[in-house]
2 protein chains.
Amino acid sequence: MTLRLTPSARLRRSPYYDATRRAGASAFTVYNHMLIPTMYAGPVEEYRALIEAVAVWDVGAERQVEVAGPDARRLVQYLVARDVAGLRPGRARYVMLCNPGGGVVNDPVLLCLADDRFWLSLADRDVLLWVQGIALAGGYDVAVREPDVSPLQVQGPRSPELMARLFGDWVRELRYYRFREAELEGAALVVARTGWSGEYGYEIFLRDAAYGERLWDRVFAAGEGLGVAPGAPNQIRRIEGGILSYGTDMDDSVNPFELGFDRLVDLDGEDFVGRDALREAAERGVDRLLRGVVVAGEPLAAPTHLPVMAGGEPAGRVSSVAWSPRFEANVALALLATGAAAPGTEIEVAGRAGVVQELPFVQATR
Amino acid sequence: MTLRLTPSARLRRSPYYDATRRAGASAFTVYNHMLIPTMYAGPVEEYRALIEAVAVWDVGAERQVEVAGPDARRLVQYLVARDVAGLRPGRARYVMLCNPGGGVVNDPVLLCLADDRFWLSLADRDVLLWVQGIALAGGYDVAVREPDVSPLQVQGPRSPELMARLFGDWVRELRYYRFREAELEGAALVVARTGWSGEYGYEIFLRDAAYGERLWDRVFAAGEGLGVAPGAPNQIRRIEGGILSYGTDMDDSVNPFELGFDRLVDLDGEDFVGRDALREAAERGVDRLLRGVVVAGEPLAAPTHLPVMAGGEPAGRVSSVAWSPRFEANVALALLATGAAAPGTEIEVAGRAGVVQELPFVQATR
């Protein structure tokens, strides 16, 4: 099912927008007040290009919050649940931003551009206001802004070859969650070994919107003969990989422990927003957990959360689901009552039989 | 032109969603991460129902930020550019929230529910994070949350009759920007003489999402014989009324003076975020101003901002435009260089001839 979406100037366009339309983008969603393609050839065809060749995604809607200035590191440390004292320029980390109650405000990738300059590469939410508000009222000596940065993801097993043609062989040596500043025809960009696919891949953080169309064309030219295809962030592969979508699989009513992200919380390091609440939560233990679920049979859709039952009782919700060609079944992400969260538990999803699984369904290629 | 929109659980549904689909909502936009109808019979048909009878709009996406507690008034005062010391329970005000640079963070309606409890009734942006961030880092003794509140607008000359049938004759006496807490079949709500139409009208702030469908049905039952029709927030009438849309006509790169909202800024009252910058801006004067523009001829669309030229030079942008049956011309909102902003100035909008006008095109019925 799709709905009709009325364009308006309020829904911003990425610098790749016209290129994506020409490349066949046929449906969109709105993410950070921006249009982002959700469909070209279709999820299964795009999945095959992603896992067998190389896929190119307009994720210009993944906005950056830049924190720069003398207090930048101190403020960033206060905002994220993970100790970032050791985060050096050229390195990135997946982080949880929490509110005072320990709920997840956002789950960005944090990039350290310099010892006094960071980017939070956001999921869908105006985290700019969160950071600006805390910087202002907390008296931090920083500048907080949304810079002109438009990410493009190049993901899949043949992405190193494509990227090497474009930037040189050094990209083959770039390690997971590392990045380097680079240039293309004078346009500044950041090349990172990050992405939202679970496949080997890159993000190009373009720092000059005017170069968007040209970058898109150059990426596709470099992909010639490699099976390169335009795609939307692939729901099948990201669910297989246990990769979460903010606003879909979690929001600020969920804490990192419930998501299984204990490794992203340093309770004994520097102080951060939500630490006290998370300490209490750690002592108390969780009463629900994020799990995978397999639902056999016909493809299932989740335009809203789907209720889960276990032993005739409400036991949580499925937040994301996709039909996986690999498993020839639906794979889903669900927040389940701990009593129903043990792998192998038989549950009911919107009236259909499902089985609980550990996440991820498929390990990431790093 | 419309695009296809892919549903997902990330795009929240208002409690009126199913009712709007049944009532013929055929296109949507995304506003505060929520689906909101943009089309039923069409903008002109809906405009006629609005100005001649009564229109009902699902504006559940107009989320509330509730600020409650001992420091609520002090925090709200710090957040808004207007002096609110005199704002008593049962009264509302249209306010500007600014950032430290004086740019507009949002333009909500502020409702005083009690001396220590306020709602900010938001335009499209996660202002919850702004308020929570400042409350946290500033050490304010308040609770800041998004309550279960889903507004429905009932607008148009026959709205008093509809509302009186539903709530009693007291609603006829309710003055502009006043509100009262009420109940319907045990469901709590707030009835306010506010709205986004420029016509005489009401907002019903439903405080119990479970009652959404029933409220929708009761409103239409009460409208029988009055020409009641479902509608989307009407772009024609709001542009005629000079009513702005956040994210379309303004954002945080624009200050209230440029929007002609001098009356919403109290530079000599209590301190608020952005006061210093706005004092400087007031001294310096503006170099652009929001104006109306009439563009004759065929209907014009603005899926993005449209460039404006005056005397062969770039002179600003049109942000919103609609074809007005009343004027048999396009009416637009534009941010224009002051040199091109005098009423009567002839300009060019996307290559077509336009004439600058004072706002509003049509006075509000209060």
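Residues numbered from 1 in each chain as written. Chains lettered and ligands numbered in written order. Predicted model: local features only at pLDDT ≥ 70, side-chain atom pairs only at ≥ 80, totals over all residues. Heavy atoms only, no water.

Colleague: Quick one: what's the story with the pattern of salt bridges, residue by residue and with numbers?
Modeller: Proximity of charged atoms lets side chains of opposite charge pair with each other. Residues and elements named next belong to chain A. Scanning the entire structure with this criterion turns up 44 salt bridges over all chains. A salt bridge links R73 to D115, with the nearest nitrogen and oxygen atoms 3.0 Å apart. Of this pair, R73 sits in helix α3 (residues 72-79) while D115 is found in the loop between β9 (109-114) and β10 (117-121), placing the two residues 42 residues apart along the sequence. Overall, the relative accessible area of 45% leaves D115 in the partly exposed class. (Salt bridge = Lys/Arg side-chain N within 4 Å of Asp/Glu carboxyl O. Helix = DSSP H or I, 4+ residues; strand = E, 2+ residues; numbered from the N terminus. Buried < 20%, exposed > 50% of the residue type's maximum accessible area, 1.4 Å probe, protein only.)

Colleague: Pulling in residues and values, what's your account of the packing of helix α5 (residues 159-167) of chain A against helix α7 (residues 212-222) of chain A?
Modeller: Residue and element names in this part refer to chain A. At their nearest, the axes of α5 and α7 sit 8 Å apart, and the two run at 120° to each other. In terms of axis orientation, α5 runs oblique to α7. Read as a crossing pair, α5 and α7 show a hand that is right-handed. On α7, the residues that touch L162, R165 and L166 of α5 are R218, V219 and A222. Of the residues assigned to the contact of α5 with α7, the class counts are 4 nonpolar, no polar and 2 charged. (Axes fitted to C-alpha atoms, helices over the stretch in contact; angles between N-to-C directions. Parallel < 35°, antiparallel > 145°, perpendicular 65-115°, else oblique. Left-handed = near helix turned anticlockwise from the far one by under 90°. Contact = heavy atoms within 4.5 Å. Nonpolar A, V, L, I, M, F, W, Y, C, P; charged D, E, K, R; others polar.)

Colleague: Account for unusual backbone geometry, with residues named and values stated.
Modeller: Cis geometry marks the peptide bond from L359(A) to P360(A), where omega comes out at -5°. Turning to its location among the elements, P360(A) is positioned in the segment after β22 (352-357). In this structure, H33(B) is a non-glycine residue whose phi angle is positive, near 65°. For H33(B), the location among the structural elements is in the loop between β2 (27-31) and β3 (34-39). Note on H33(B): relative accessible area 18%, which makes it buried.

Colleague: Give me the lowdown on empty space enclosed by the protein, citing residues and values where you can.
Modeller: Evaluation of the coordinates by the stated rule reveals 1 cavity of 30 Å³ or more. As for the largest cavity, its lining consists of 17 residues, and the residues nearest its centre are V30(A), H33(A), V30(B), H33(B) and D124(B). Breaking the lining of the largest cavity down by element, the ones donating at least two residues are β2 (27-31) of chain A together with β2 of chain B. Each residue belonging to the lining of the largest cavity can be placed in one class, and the counts come to 6 nonpolar, 4 polar and 7 charged. (1 Å grid on protein atoms, 1.4 Å probe; cavity = no way out; pocket = protein on both sides within 12 Å on 5 of 7 lines; lining within 4 Å. Points joined across faces, edges and corners; volume = space filled by probe spheres on them.)

Colleague: Which residues make up the packing of aromatic side chains, and what are the values?
Modeller: To describe a pair of aromatic rings, one takes the distance between the centres and the angle between the planes. Residue and element names in this part refer to chain B. Going through the model one piece at a time under the given rule, you end up with 20 aromatic pairs over all chains. Between the aromatic rings of Y200 and Y202, the centroid separation amounts to 6.1 Å while the plane-to-plane angle is 65°, which identifies the pairing as edge-to-face. Using a relative accessible area of 18% as the deciding quantity, one classes Y200 as buried. Classification of Y202 as buried rests on a relative accessible area of 0%. Ring centres of W216 and F220 lie 4.9 Å apart, and the angle between their planes is 35°; this geometry places the pair in the tilted category. Pair noted here: W216 and F220 are both in helix α7 (residues 212-222), with a separation of 4 residues, about one helical turn. Given the relative accessible area of 4%, W216 is considered buried. (Phe/Tyr/Trp six-rings, centres within 6.5 Å; stacked < 30°, edge-to-face > 60°.)

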